[in-house]
Amino acid sequence: MIEVVCNDRFGKKIRVKCLEEDTIGEFKKVLSLQLGVIASKIVLQKGGLVLKDHITLDDYEIHDNTNLELYYL
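Everything quoted here is computed from the prediction, not taken from an experiment.

(A) Representation of the pairing of strand β1 (residues 2-7) in the model. As judged from the six bridges shared by β1 and strand β2 (residues 13-18), these two strands associate in the antiparallel manner. Looking at the pairing, N7 lines up with K13 of β2. The antiparallel pairing of β1 with β2 creates a hairpin that spans five residues between the two strands, and R9 there sits at a positive phi of about 65°. Here three bridges tie β1 to strand β5 (residues 67-72), and the two strands are oriented parallel to one another.

Here's what the structure looks like:
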């Protein structure tokens, strides 16, 4: 189990526990429950790259305490 930090640039940092084998889409569902926002309205970026829903966290080299940028549509 890993913990990923999402920063929404409004001063809110959310820590999400997940598995490295989870897809970005599954990660967004867990994140949406914590935020109270629909998962399809969430956009995640790592280093300016928009993360696609069908690819796993491990494929994007997202490990424990990785920071992701969080945007809303």
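Now that the structure is up, let's keep going.
(B) Examining helix α1 (residues 24-35) more closely. For α1, with twelve residues, the first-to-last C-alpha span of 16 Å sits near the 16 Å given by 1.5 Å per residue. Inspection of α1 places I24, G25, F27, K28, L31, S32 and L35 among the buried residues, and these make up the whole buried set. All buried residues of α1 lie within an arc of 150° about the axis, which places them on one face of the element. Exposed residues pointing more than 90 degrees away from the buried face of α1 are listed as K29 and L33. Considering only its buried residues, α1 is in contact with β1, β2, β3 (42-46) and β5. Directly beyond the C-terminal end of α1, a positive phi value near 80° is found at G36.

About the thresholds
Once a new chain begins, its residue numbering starts again from 1 and follows that chain's sequence as written. With pLDDT at 70 or above as the cut-off, local features in this predicted model cover only qualifying residues; side-chain atom pairs require 80 or more to be listed or tallied, and sums for whole chains, interfaces and linings still use all residues. Side-chain measures were taken over the full set of non-hydrogen atoms in the model, leaving aside hydrogen atoms and water. Whether two strands pair comes down to DSSP finding at least two bridges between them. Per the convention used, a helix needs a DSSP run of H or I reaching at least four residues, while a strand needs a run of E reaching at least two, with both numbered from the N terminus. One less than the number of residues in a helix, times 1.5 Å, gives the span that helix is expected to have. Three labels apply to residues, based on accessible area from a 1.4 Å probe with only protein chains included: buried if under 20% of the type maximum, exposed if over 50%, partly exposed otherwise in between. The directions considered for the arc run from the helix axis to the C-beta atoms. We call two residues contacting when some pair of their heavy atoms lies within 4.5 Å.

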